[in-house]
Structure formats: C-alpha cells, structure tokens
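Next come the chains, spelled out residue by residue.
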Amino acid sequence: MEVSLQLTLSTIRVKAASSGVSRTHCINNRSDSHPQLRPSSFTPKSLFQSFRKKELDQKIIGGNRIPKMANVEEGKVVTADVTSGEMLYEPILEEGVFRFDCSVDDRNSAFPSLSFTNTKLRDTPIMVHKVPSYIPTFQCLHGQQIVKLEFPVGTSFYGTGEVSGQLERTGKRVFTWNTDAWGYGPETTSLYQSHPWVLAVLPNGEALGVLADTTRRCEIDLRTECRIRFTAPASFPVITFGPFPSPTDVLMSLSHAIGTIFMPPKWSLGYQQCRWSYMSDRRVKEIATTFREKNIPCDVIWMDIDYMDGFRCFTFNKEQFPDPKSLVNDLHHNGFKAIWMLDPGIKYEEGYFVYDSGSKNNVWIQKADGKPFVGDVWPGPCVFPDFTQSKVRSWWANLVKDFTSNGVDGIWNDMNEPAVFEVVTKTMPENNIHRGDEELGGCQSHLHYHNVYGLLMARSTFEGMKLADKNKRPFVLTRAGFIGSQRYAATWTGDNLSNWEHLHMSISMVLQLGLSGQPLSGPDIGGFAGNATPKLFGQWMGVGAMFPFCRGHSELDTLDHEPWSFGEECEEVCRLALKRRYHLIPHLYTLFYMAHTKGTPVATPAFFADPKDPSLRKLESCFLLGPLLVCASIMLNQESDTQLLLPKGIWLSFDFDDLHPDLPGLYLRGGSIIPLGPPIQHIGESNPSDDLTLLIALDENGKAEGVLFEDDGDGYGFTEGEYLLTHYIAELESSVITVRISKTEGLWKRPNRRLHVQLLLGEGAKLDSWGIDGEIMQIAWPSDIEVSKLITTSKANRGMRLESVKLIPDVEAGSGQKGMELSRTPVELKSSNWLLKVVPWIGGRIISMAHLPSGTQWLHSRIQVNGYEEYTGLEYRSAGCSEEYNVLERDLEHAGQEESLILEGDIGGGLVLKRHISIPKDDPKVVQIDSSILGRNVGAGSGGYSRLVCLKIHPTFCLMHPTETFVSFTSIDGSKREIWPESGKQIFEGDLRPNGEWMLVDKCLGLGLVNRFDVSEVFKCFIDWGAGMVSLEMWSEERPVSKESPLKISHEYEVREIS
C-alpha cells in the first residue's frame, strides 16, 4: 500500500513496512480496537493527526505481523520491497514525548505495550504544538526493523538497563535477551534483564531518552559515536522523551510511561545477609545471633533454594527447616526479617500439590504440539507457569498468599529468565506457546514473551503478597526483568565474580539500572562466585553500604562471606560501613519516597550534579545519592578516576567519626540539607521520637534546603495522608544561621524530639547546635578565626584517626579453597582489535577474548573451567589444564603493535606445556597461539622418551545467539559443512577434518570467529555443543615426546564480517 500527500511545506511519501519470519508457531487473528485519535496541530510528518486509516485485518504468525498481501507457505514469508525513510510521529503522554512508527498501518497494528503501565498511554495522541527535535529513520529488511537516531558531536549515552562494562556506553553493543549469565564479564552482551532504552545526554547538558517498545530480542548498537541504532523484528514503535533540561527530567517523564518504583518497606533498606545456602534453621539463627553479638547492623536473613524439600517450591525441608514459623518468630524477636526463594520451575511430579493444582488448572507453558513443556532445572524435570495469562497469575498469587502465612516477609524470584539446564540456549524453545491475555498480546510464541517472563512472574508474586496482607508492603527481588519491572520488584546484578573488576563494575551497573527506571538495585557484595580477600571484601562493603539495595551473598562451597569472616580489621570496616548506612536511612527512605511519587532517581552518576561538564561524564568510582556524593576508594588494581575531581560548586567533606582509607569519601553539596538518624542495629529499633540530625552545607549565598519523609515504614497509610513530609531551610544573614521549616505535608503530627544541627565548614569540621524539631533555631556564625581553628582541629583529628586505624591486610589470595583465585589479577594482552586476559595460576587459561571493534566476547569461562584450556592426555581435564604456569616472557607494546606472552607449566614426568600467545605487530587483527609439549627432563631409563601424550586445544566459546550460530568449514575432501547445535558432539578425522580453517558463525551478529591451523599438526577436530557454549577442539597425534621431538599445534583466531 502506498499513500502520497502533497503538503505546503514538504512532500511526504509513506510506504507500508512489511515483515517476515522463518518460523510458524502460533496463529492468532487480532482485531485491536484503538481509541479514536483526537485532532491536534498539523505538522509535515504528523500524518496520524490529519487522517487515520482503518486497521487492516492481519494474521499474527510467530509473533510477527504479516500483511495480507504477503504469501505464506510452509511457515515462510515472501516479503514486499524493502522500506525505509523517516519515521512518522505523533505526540503522546505529555509535552515532549513522541511516538514514532514506520507507517500508519504499523501504528495501528502494533502489539500492546508491556513496558507502559497502560498501553493506551502509548496509543492515544495528545494536543500539543511542539515538533520533535530528533526524528529517527528506519529501514525494514528481511523481517527486521532498523531504527537510527543521530545526535550532535559530544553526546554521551547511558542506560540500556542491566549491562556490564563501562558507564558511558559509546562503543558498546548489547542484545536484550534475558540470559542466565553466571560469571559475566565487561564484554557480555546479554544479562538477566532487558531494557531497550538509551539515555542520551547532549553537549549542552540537556537529555533525551529513547525507548524501543518491543519485547522481542533487540540489538542496541552504540558503537558509532553520537548514533543510536535499534534492530529488532518488525515492526515496533519508538518513543522519545525530550529533549528536556536535565537527565532527571527525562527519567521523571519516563516514569509517567512505565511507572515508578513500588514503595519499599523501610526495613528493606537495611543490610541483608544471604548465602547459597544456610543449610538449616540452626545455622540461620547462628548468623542472626552473631550479627547482634558483634554489633553489626542487619535487617534481613535470606533463605536460598536449599530450604525447600527437594527444590520443590512452596515446601520446606522437614529435617533442616522443620518449623519455619518458629524460625521466623525467633528472627522477628531478634529484629530480623526473613526472605525466601521461589523459582518458576515446578517439579514435574504427580502427588506434589503445586504440580497437581497447576495441571488441574491448565497453567503450564506448552510446546508447539500443545503438551506441557518439560525442562530440567534444580528439581530435575520441571513445568513452568504461563504468567502471560491472568488466571495463571491469580493461581500463583494464591499460592504465594498461602506461603506467606508461614511468616514470609519477602520473596526472591530467581531463575526466571526462564533458565533451563542442559540445553544450548539455556532457556526453553522459542516455539513454545504462551496463551497470553489479549491485552498482553494474545497467543504468541516464547520468542515474543521471553523477555517479560520475569516481569510477569514478579508481578504475580507481588500481587500474592498483597493478597496475604493488605497492610504490609510486598518486597520482591527478581533476577530477570524488563523495563517496568520496578513497579513490582527490586533487583540485583546477578552472579558476579569476587574480584576487583566486578567491584569496580558494580557501581556502573547499579547506576545504569537507575538510569533505566529501576532505582532499587545492588550487587552481591563481596562477589557471588569465588572467595574475596579481606581487602576486597572490606572495600566492597564500604561501597555497597551506599547502594540503594544492600545485600551480601556468596556461592555454594566458597568460604564464609559474612562481615566477620575476614579478620578483625575487615570486620571493623564492615561495621563502620553499615553504621554509616543506618545513619543515612532517613535520607535514603526520603529518596525512595520521591522516586515512588515523582519518578526521580535514587543513585545517579556524578555528572548529574552538572550535566554540562563533559569531564564528569565518564566518572565510574563515584555516585550521587541526591546531593550526597560518594567517592569510592577501590584503589587496589584500579586507578581512581576521581582524583578528587568534584563537580563545580561547593562540596564539603564529612564523616561519622569513622574516617578509614577503605571507606568511601562523603561530600555534601552546598545548598543542601540531608536528614540523619541515630546508630541502630535494625530498622525496628528506630522511633519517631529519636533525635533527628540535619546535616547542612550552605551554598555561596548562605542558603540550604532539604526534605524529610516519615511514615510508619510499612503499609499504605501514606497514600491516605498518614505521613509527614517536612521541608527544611537554612539561611545565613548578619552572621546568624536560621534553621526552620518552610513547608509540611501530611496528616501526621510532628513527633516531640530533639533536633541536632550539624553545619559543615570544610575538611570534616562541623558546627553543632541543639534545639527542638519544629521550632526555629538560630545559630551564631563563627568568626573566620574560629572557623579556621575548627578546620585545623578537624584535620588534626582526622589525621590521628587515620594513624590509629588498623588497616585491612593486603593478603594475596591463596589456592586452597574454591574460587580463591578469582581475586588475583589476570595478565592482559591488548591491541586495537583484541583484549585477552590470561590467568597463569590456573593452567595458563585464557578467560577472556574480547574483540574490541565488534564489542563481542568470544570465550565462555568460569575461571576454574572452560575459557581457553590445553590438556596433555586423552581424558577430559588431564594434566595441563589446572597447573600453575610460570610467565617466562612478557612483552608489552602500544596498542596496534605486538603484545606477547610466553608461559610454561610443569605437567609431570619431565614434561612441560609451553604456550606463546601473541598479537602480531604487522597484523593486529589476529591472535596467534603456539603450543607445544616439550620433553624437558625425560629419564634415560625410558630411552629419552616420555609417556604417551596428546596435545589437546580446548577453547570454549560463548553462544550469544544459540539458535543463529553454527560452525562452518570445508573438509580436506572438499565437502562443505555447517554444523548446528542440535547435532550434539561431532568428531572429524582423516579427510573429514577442516582443511586448515573453520569458523564459528553468528548470523545475528553478522560475524564469524575464524580459527586457522596447520593440518599436519592436527589429527582430530571436535565440535561439542553445550548450554550456551560450544567447544572447538583440536587434537594432535598421540605419542611419546623427547627433547628433540615435541608435539605442537600452531593456530590463530580472527574475527570476520559475514554477509
């Protein structure tokens, strides 16, 4: 269909976009009825406001719209011509927000929005007279819609949700596909959540947000400076927010579309202790008692999956947790809340009440043949609730309601990407069927609903907790999510590693989630996988105590990671860090009230203090909590990027008489007042009549202001006026500072309490004064001489404190315990094309092979296993894969020139395995690896020959898009082969071997990893597909070696673009 209009200002030509798919999963005839558009001001591209076509009857095949004219045969679509051009727009929601579509027909037939709180907000235009400042262009090609937006030079990009790596996202590419990503790295392109959203900060400090409103797998490509590119199955609308004066304004506008964070119960802002797992109620009680005995603040103990009976959800292990109500009562008596895990995988077992009930109510996700899908997770074979149906959400909510009667205070939804074991994709088949409600999109394949499965599960859990007690606020933590999940749940950054890189990266990850609409997040403090060192754990707790969500968590079979587990010096740092947090609870709780009611962020990058200053935009070791700037130390193995680089204006340092080199520096912005509370062990100890402290930093005009929100800390009385919101101001006039209340809101009567004013003077010096809250306080401003004396005294006291503190010992990680090696620093080789990370102490393993131009991480590594390994025997993980290697030679050159590393490991019997890894100076696109087994000290009694050995090259590569990835090569006999994941393990010998080259192809990325080798050195080739990974092995011949006859394999890797 083609529509042409002749306009006074310009000529617009619209061509309907067509789309195609390669699979037929579920057919659903849709006839959406959208509200009629209200007339609005006419602009050249605003076609929707001048005419409205009736919707076309369309078929939905595999979740894609197929125009009537398309020919459908055996699940394949013959598409019309490629379409491209500027997208058509109309204003929606509020002034400054625009919706863009490729055509009128695309607009009329778009799927309902699962990111917006109400899809009508996206689908109903409004009356405004503004036109968009930036209009995206589109191209529809092979069923994919490609959208581009260009911005001025100097634009910075943020957001993209839960992503690893750098804060400023230019140069990065991610894919929205919720993935169980244990041990992810900075180059991992898909994590547990999907936020098809970019926040662009323009050179002048203004900001604009862009949302690709699709639940499907979406590529967010920011590799080209000042350009955003989205690619996803056609068609989907794009929503822009702004430009607005500041990034905060953009996030507030976004919240009007996707909703704000649920109002968290106040106790959930305290410290929370978790482990996989506390194996018995006795151990849980021991942990709780130790917190109180050691005077370390804590509010929550978490129960991981082992509390269940055989991993069956909604059950308890009768031996280890025989009386959960009694356990919870003990915890409550001691000031703790209890949070319990619930996964989506329900054990496939007749007689198990959850399975029987679900089967009776027909709640399970189905395979393409209509039978329930069964996949392995922790309990073994499992079925999965179809949360896209309201009846299923209600069924689950009622299970949660009953479960909560055991004294459950909060629920932890894990594994809800959904994760499935023992399959290449690490999730369920894309052609599984969800019989979704019409308002969500109707009956569609899993490909359509995959990214929102976690959101819908969290919603169901949240609603179940509300059913259980309407006078309590639910607390749900979810691993998987979608943009908008913050309406129902907090989140954490998944299964991170216990190393300095992940500590540094955790700041950016928390900030990116906040910049994507999810303000309540934090990492596993100390790292989930591996063992922290005391220094690492202490500094991580120092930073983590300032994050919005504050929880320590560690993996099964690692060392204990409680705050007292790393010696008295680290314990003291943890105690100080958490006491800081509890002092700041009134400020944090107020920030969350503002986030809940206004959509403002809680934790933000430093540049939010001055968006116009480009020098602040890449700072990753500091962040803001409102006007409070937290400057992390995290100095070990990371150069500080702050170097006391503070935003412009007045920033006054302070502490709580707890100055310590392993704790972050704290600064309050001039013109600000923040409320502080007394030191407490848990939130339940606080009382409205407690002394209230106001920390004040005057601006250059001698003024400051701040706000405090107070309510019961739980329940919904605040929605009916049962709260007190107090606006405080301070003014300096005629050498007198007046502190008073400027405005109040709410029905609460002001508590009768003392008011402690602390006026910051600089260098930690404070002017203290006491009064009664609600009364005007007047404080004499000291003379310049008196101020100087106070500052001098403060500096001296700080110096004495620093001299007296017991520093955390900088202990090098040992190797006796699982994971201890994670906190050591890998050796890096870097060129303009490659960044490799090598751990000599575990088999000389290469754990990271990042291709910088494409932003892809090719290796799949769990540190102890996988990555690039080499063995010396026929059995799996034989000698060579885990020994400690010595670095014989390390040549560092500038990027683009040769980098080289030579390692050697003793594999016993007089043999060594030697490896030379290099990036050639004349060809930096290539990584060369030369490996050999050498007879170093082979005994004369054996004739100078060793035992039988075989050199096995065993690299394990990531499958970023498992269903679109295969191995391609031409055999020595000339036959061409494509080996796909469903083929399992394949062995190629003789003339069936690749003829010196094979390639791992990712069709979705348009890239191939080429591996070239000498055929004369390689006797067998193996392809072994696993869960989200594939091994491409090369074996030498098997024979003894001597000093004169080593075994060797020389090969190289290069990334190649494919059409």
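Analysis parameters
- Residues numbered from 1 in each chain as written.
- Predicted model: local features only at pLDDT ≥ 70, side-chain atom pairs only at ≥ 80, totals over all residues.
- Heavy atoms only, no water.
- Helix = DSSP H or I, 4+ residues; strand = E, 2+ residues; numbered from the N terminus.
- Buried < 20%, exposed > 50% of the residue type's maximum accessible area, 1.4 Å probe, protein only.
- Areas by Shrake-Rupley, 256 points an atom, 1.4 Å probe, with all protein chains shown as cover.
- Disulfide = S-S within 2.5 Å.
- Phe/Tyr/Trp six-rings, centres within 6.5 Å; stacked < 30°, edge-to-face > 60°.
- Lys NZ or Arg CZ within 6 Å of the ring centre and 35° of its normal.
- Pairing = 2+ DSSP bridges.
- Axes fitted to C-alpha atoms, helices over the stretch in contact; angles between N-to-C directions.
- Core = buried A, V, L, I, M, F, W, Y, C linked by side-chain atoms within 4.5 Å.
- Contact = heavy atoms within 4.5 Å.
- pLDDT = per-residue confidence, 0-100.
- Expected span 1.5 Å × (residues − 1).
- Lys, Arg positive; Asp, Glu negative; His and termini not counted.
- Salt bridge = Lys/Arg side-chain N within 4 Å of Asp/Glu carboxyl O.
- Polar contact = N/O pair within 3.5 Å; in protein donor to acceptor, adjacent residues only side chain to side chain.
- Parallel < 35°, antiparallel > 145°, perpendicular 65-115°, else oblique.
- Nonpolar A, V, L, I, M, F, W, Y, C, P; charged D, E, K, R; others polar.

Colleague: Account for the overall build of the protein, naming residues and giving values.
Modeller: Counting secondary structure elements, the protein contains 14 helices and 66 strands. Buried positions account for 64% of the 1059 residues belonging to the protein. Taken as a whole, the protein presents about 38,300 Å² of accessible surface, with 48% of it coming from carbon and sulfur.

Colleague: Mind laying out the state of the cysteines, listing which residues take part and the relevant values?
Modeller: Cysteine pairs can be covalently joined through their sulfur atoms, and such a bond is termed a disulfide. Counted by the stated rule, this structure contains 0 disulfides. Counting only cysteine sulfurs, Cys-102 is the nearest neighbor of Cys-140, a cysteine outside any disulfide, at a range of 4.2 Å. Of all cysteine sulfurs in the structure, the one in Cys-382 sits closest to Cys-313, which takes part in no disulfide; the separation is 8.0 Å. Using a relative accessible area of 2% as the deciding quantity, one classes Cys-313 as buried.

Colleague: So what's going on with the packing of aromatic side chains? Which residues, and what values?
Modeller: Applying the stated rule across the entire model yields 55 aromatic pairs. With a centroid separation of 4.8 Å and 75 degrees between ring planes, the pair formed by Phe-291 and Trp-564 is classed as edge-to-face. Here Trp-564 lies in the loop between strand E35 (551-552) and helix H12 (568-583) and Phe-291 lies in helix H4 (residues 281-293), a separation of 273 residues in the sequence. Here Phe-291 matches Trp-564 in class, with each residue buried. A cation over a ring is seen here: Arg-551 above Trp-302, with NZ or CZ 4.7 Å from the ring centre. In this arrangement the basic side chain of Arg-551 is found over the ring face of Trp-412, its NZ or CZ atom lying 4.7 Å from the centre.

Colleague: Explain the sheet that holds strand E39 (residues 651-654) to me, and be specific about the residues and the numbers.
Modeller: Within the open sheet, the 5 strands sit side by side as E36-E37-E38-E40-E39. Their pairing is antiparallel. Unpaired on one side and paired on the other, strand E36 (603-605) and E39 mark the two borders of the sheet. Shown here is a sheet whose adjacent strand axes are inclined to one another by a mean of 35 degrees, direction ignored. Sheet topology note: the strand E38 (residues 628-631)/strand E40 (residues 665-669) ladder contains 4 bridges and is antiparallel. Looking at the pairing, Leu-629 lines up with Tyr-667 of E40.

Colleague: Talk me through the pairing of strand E49 (residues 827-830); I want residue IDs and the actual numbers.
Modeller: Pairing of E49 with strand E50 (residues 834-839) involves 4 bridges; the strand directions are antiparallel. Within E50, the residue paired with Lys-830 across the bridge is Leu-835. Two successive antiparallel strands, E49 and E50, enclose a turn made up of 3 residues.

Colleague: Could you give an account of the sheet that holds strand E60 (residues 976-979), naming the residues involved and the relevant values?
Modeller: Reading across from one edge, E54-E55-E56-E57-E66-E63-E62-E59-E60 is the order of the 9 strands in this open sheet, with antiparallel pairing throughout. A single partner strand is all that each edge strand has here, and the edge strands are strand E54 (885-891) and E60. Direction aside, neighbouring strands of the sheet carry axes that sit 15 degrees apart on average. Pairing of strand E56 (residues 911-919) with strand E57 (residues 926-935), which is carried by 8 bridges, proceeds in the antiparallel orientation. Bridged to Val-912 within E57 is Leu-934.

Colleague: Break down the nonpolar core for me, with residues and values.
Modeller: Buried together is how nonpolar side chains tend to be arranged in soluble globular proteins. Phe-241, Tyr-307, Trp-340, Phe-475, Phe-623 and Leu-625 are the most contacted members of the largest nonpolar core, which has 177 residues in total. Ranked by residue count, the leading element in this core is helix H13 (residues 585-598), at 8 residues. When sequence neighbours within four positions are dropped, the list of residues in contact with Tyr-307 reads Thr-315, Phe-316, Asn-317, Phe-321, Trp-340, Met-341, Leu-342 and Phe-403.

Colleague: Tell me about the environment of Gly-527, and name the residues and values.
Modeller: Inspection of the secondary structure assignment puts Gly-527 in the loop between strand E34 (524-525) and helix H11 (534-544). Linking Gly-527 and Ser-554, residues 27 residues apart in sequence, is a C-alpha distance of 6.4 Å. In this view, Gly-527 contacts Asn-496, Leu-497, Ser-498, Trp-540, His-553, Ser-554 and His-561; residues no more than four positions away in its chain are not counted.

Colleague: Explain the confidence of the model for the protein to me, using residue names and the numbers behind them.
Modeller: Here the protein averages 89 in pLDDT, and 88% of its residues register 70 or above. Below a pLDDT of 50 lies the segment residues 635-642, which in the model reaches 17 contacts outside its immediate sequence neighbourhood of four places, other chains included. Within the model, pLDDT remains below 50 along residues 813-820, and this stretch shows 20 contacts once partners closer than five positions in the same chain are excluded.

Colleague: I'd like to hear about helix H3 (residues 247-258), residue by residue, with values.
Modeller: Relative to the 16 Å expected for 12 residues at 1.5 Å per residue, H3 spans 16 Å between its end C-alpha atoms, a close match to the ideal helical length. Of all the positions in H3, only Pro-247, Val-250, Leu-251, Ser-253, Leu-254, Ser-255, Ala-257 and Ile-258 are classed as buried. Buried-residue contacts for H3 involve strand E10 (97-101), strand E16 (197-201), strand E17 (207-212), strand E20 (238-244), helix H10 (500-514) and H13. Gly-259, located one to two residues past H3, shows a positive phi value of around 90 degrees.

Colleague: How would you sum up the side chain of Glu-1033? Please name residues and give values.
Modeller: As for its placement among the helices and strands, Glu-1033 is situated in strand E65 (residues 1029-1039). One buried charged residue, Glu-1033, remains without a salt bridge, the closest side chain of opposite sign being Lys-952 at 4.6 Å. Within the local environment of Glu-1033, its side chain forms a polar contact with the side chain of His-954, the two groups lying 3.4 Å apart. A distance of 2.9 Å separates the side chain of Glu-1033 from the side chain of Trp-1035, its partner in a polar contact. Apart from the residues lying within four places of it in its own chain, the contact partners of Glu-1033 are Lys-952, Ile-953, His-954, Pro-955, Trp-998, Lys-1020, Cys-1021 and Phe-1022.

Colleague: Explain the pairing of strand E64 (residues 1020-1026) to me, using residue names and the numbers behind them.
Modeller: Counting buried residues in E64 gives 5 out of 7 residues, a clear majority hidden from the surface. Bridge count between strand E61 (residues 986-989) and E64: 4 bridges; the pairing is antiparallel. Of the residues in E64, the one forming a bridge with Gln-986 is Ile-1023. Taking the residues that link successive antiparallel strands as the turn, the E64-E65 hairpin has 2 residues, and the phi of Gly-1028 there is positive, at about 70 degrees.

Colleague: How would you explain the environment of Asp-213 if you had to name every residue and give the values?
Modeller: Following the sequence through the fold, Asp-213 ends up in the loop between E17 and strand E18 (218-221). Each C-alpha atom of the pair Asp-213 and Leu-114 lies 8.1 Å from the other, and the pair is 99 residues apart in sequence. Not counting residues up to four positions away in its chain, the partners in contact with Asp-213 are Ser-113, Ser-115, Phe-116, Arg-122, Phe-236 and Pro-237. Within the structure, the side chain of Asp-213 is placed 2.8 Å from the side chain of Ser-113, a separation counted as a polar contact.

Colleague: Which residues make up the pattern of salt bridges, and what are the values?
Modeller: Evaluation of the coordinates by the stated rule reveals 46 salt bridges. With its nearest N and O atoms 2.5 Å apart, the salt bridge here joins Arg-1012 to Glu-1054. With Arg-1012 in strand E63 (residues 1007-1013) and Glu-1054 in strand E66 (residues 1047-1057), this pair connects stretches of sequence that are 42 residues apart. The exposure class of Arg-1012 is partly exposed, given its relative accessible area of 21%. Among the charged side chains, a network of salt bridges with common partners joins Arg-99, Asp-101, Arg-122, Asp-123 and Asp-213.

Colleague: Talk me through the environment of Thr-231; I want residue IDs and the actual numbers.
Modeller: Inspection of the secondary structure puts Thr-231 in strand E19 (residues 227-233). With 56 residues separating them in the primary sequence, Thr-231 and Phe-175 have C-alpha atoms 9.3 Å apart. Contact partners of Thr-231, with chain neighbours within four places excluded, come to Gln-144, Gln-145, Ile-146, Arg-217, Cys-218 and Glu-219.

Colleague: Summarise the packing of H4 against helix H5 (residues 324-333); cite the residues concerned and give the values.
Modeller: For the pair H4 and H5, interaxial distance at closest approach is 11 Å and the crossing angle is 0 degrees. Taken as axis vectors, H4 and H5 run roughly parallel relative to one another. Residue-level inspection shows Asp-281, Val-284, Lys-285 and Ala-288 of H4 in contact with H5, the latter providing Leu-327, Asp-330 and Leu-331. Taken together, the residues that form the contact of H4 with H5 break down as 4 nonpolar, no polar and 3 charged.

Colleague: Describe the packing of H11 against H12, with residues and values.
Modeller: Viewed as axis vectors pointing N to C, H11 and H12 meet at an angle of 5 degrees, and their least axial separation amounts to 8 Å. Classified by the interaxial angle, the pair formed by H11 and H12 is roughly parallel. Side by side, H11 and H12 meet where Pro-534, Phe-537, Gly-538, Met-541, Gly-542 and Gly-544 of the first sit next to Cys-570, Val-573, Cys-574, Ala-577, Leu-578 and Arg-581 of the second.

Colleague: Outline unusual backbone geometry, supporting the account with residue identities and numerical values.
Modeller: Keep in mind that most residues, glycine aside, have a negative phi and that most peptide bonds are trans. In this model, Gly-242 is joined to Pro-243 through a cis peptide bond whose omega is 10 degrees. Counting through the fold element by element, Pro-243 comes out in strand E20. One non-glycine residue, Ser-734, lies in positive phi territory at about 50 degrees. In this fold, Ser-734 is placed in the loop between strand E44 (724-733) and strand E45 (736-745).

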